[in-house]
Amino acid sequence: MKVIPIQQLAPSNAPDTEVPDPASRPAPGEALVDRRGREVRDLRISVTDRCNFRCVYCMPREVFGDDYAFLPRRELLSFEEILRVARLFAERGVRKIRITGGEPLLRKDVERLIEMLARLDGVEITLTTNGVLLPRMAQRLADAGLHRVTVSLDALDDALFRRMNDADYPVEKVLEGIDAARAAGLGPIKVNMVVKRGTNDGDIEAMATHFRHSGHILRFIEFMDVGASNGWKMDEVLPSREVVARIDRLFPLEPADPNYVGEVAERWRYKDGAGEIGVISSVTQAFCSSCTRIRLSTEGQLYTCLFAQQGHDLRTLLRTGADDAQIDAVIARVWNGRDDRYSEIRTAATAAQRKIEMSYIGG
Ligand code: SAM
Ligand code: SF4
Ligand code: SF4
């Protein structure tokens, strides 16, 4: 199956030409609240749609082979444009910014963007990466002001991991990346494992054993039906409660309180004090009612849900002289009109709909 390049996913990418009257927006500084009473708190910024991996659940090689039409450079938001949007969101209550992609460490000079974003008052800056570039970049990222990293790692078995990333990267490279992040002070480090039943669920116990006592927080993510290319099937989702049960059999667990209201990972602590794990059950236990996230795509589209079919174009405004009040009015209109709760209403039919790829919208 060949996926339709994102640029052709009209009308999703048709520019929003109508700019609301800035006088009609909520007062400057006032929090934005969507139609389900949720405030905007987290901004995820995708800085590239490219990746050096071809994870089977995200950018399958049959679809994203070497000739896939990635976005040309001029289409990407510049760092200055990203900072401007991030600042406007921070003024509306965003407290956490996550840099993602694609593989964010492939974006040239990404540490310069981090340095710019780190100057925003009261905003935590984090980054999600597949980890292989961390050995040479972790210290630079920390020096630029990055607070924490999340590293993805789907298996400890080397042959299995190479099959899953489908680019022949060994586990060792990612483990070196995690060590480099720790040495640079980018902790506590979260390690994300996407669990695909029948593919890597046999490695759950090995991953738990490896990361106990490490100080890193291993998180198991249910395989999701993002995008239109990963051939998602409900049969391949291993419910988080089974993950917890399997680990509990080996190393007894007890529930831990959330760190903050709306935390998406459910926390479990080893009873023997060896640390904690998290489970993210987006399929079997949707958490839409407390979802405070918005995503800014690589080319400047705002998405109010990971499963959105339509974005809201900010790039045109940024490049045609709109002032801050006008852009803020659009941001306010987009968030105030938000009604998303995809994971609560997922069915086989919605799973089959054409959705934006995760590597583009930002994971
Ligand atoms: N390339 C970076 C990485 O892999 O960490 C950042 C981008 S990636 C899209 C962000 C996160 O999304 C990763 O932890 C990845 O495992 C997760 N992810 C991608 N596709 C997924 C899917 N179909 N279901 C669940 N998680 C997925
Ligand atoms: Fe790349 Fe991350 Fe997607 Fe894997 S999950 S293909 S590393 S963007
Ligand atoms: Fe948020 Fe959409 Fe995920 Fe629900 S499905 S938690 S609204 S991103």
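The structure we're discussing is the one just above.
Now for a quick tour of the structure.

Calculation notes
- Residues numbered from 1 in each chain as written.
- Chains lettered and ligands numbered in written order.
- Predicted model: local features only at pLDDT ≥ 70, side-chain atom pairs only at ≥ 80, totals over all residues.
- Heavy atoms only, no water.
- Salt bridge = Lys/Arg side-chain N within 4 Å of Asp/Glu carboxyl O.
- Buried < 20%, exposed > 50% of the residue type's maximum accessible area, 1.4 Å probe, protein only.
- Near = heavy atom within 4 Å.
- Nonpolar A, V, L, I, M, F, W, Y, C, P; charged D, E, K, R; others polar.
- Pairing = 2+ DSSP bridges.
- Helix = DSSP H or I, 4+ residues; strand = E, 2+ residues; numbered from the N terminus.
- Contact = heavy atoms within 4.5 Å.
- Axes fitted to C-alpha atoms, helices over the stretch in contact; angles between N-to-C directions.

1. Considerations on the pattern of salt bridges
For the structure on display, the rule yields 30 salt bridges. One salt bridge connects Glu 115 with Arg 119, and the closest N-O pair in it is separated by 3.7 Å. In this structure, the salt-bridge partner of Glu 276 is Arg 267, at a minimum N-O distance of 2.8 Å. Under the relative-accessibility criterion, Arg 267 is labelled buried at 16%. One connected set of salt bridges, linked through shared partners, spans Asp 34, Arg 38, Arg 338 and Asp 340.

2. Thoughts on the site of ligand 2
Near ligand 2 the following residues occur: Cys 51, Phe 53, Cys 55, Tyr 57, Cys 58, Met 59, Gly 102 and Asn 130. When the residues that make up the shell around ligand 2 are grouped by side-chain class, the tally is six nonpolar, two polar and no charged.

3. Some thoughts on the sheet that holds strand S5 (residues 190-195)
Spatially, the 12 strands line up as an open sheet ordered S7-S8-S9-S6-S5-S4-S3-S2-S1-S10-S11-S12, and their pairing is mixed. Both outer strands of the open sheet, strand S7 (253-255) and strand S12 (312-313), are each paired with one neighbouring strand and no more. Pairing of strand S10 (residues 293-296) with strand S11 (residues 301-303) involves two bridges; the strand directions are antiparallel. Residue pairing across strands places Arg 295 opposite Tyr 303, the latter belonging to S11. Against the sheet, helix H2 (residues 110-117) makes contact with strand S1 (42-46), strand S2 (96-100) and strand S3 (124-129), and its axis sits at roughly 175° relative to S2, the strand it touches most. The sheet strands contacting helix H7 (residues 240-250) are strand S6 (217-222), S7, strand S8 (266-270) and strand S9 (276-280), and the helix crosses S9 at an angle near 160°.

In short, the description is geometric, and any link to function would need to be established separately.
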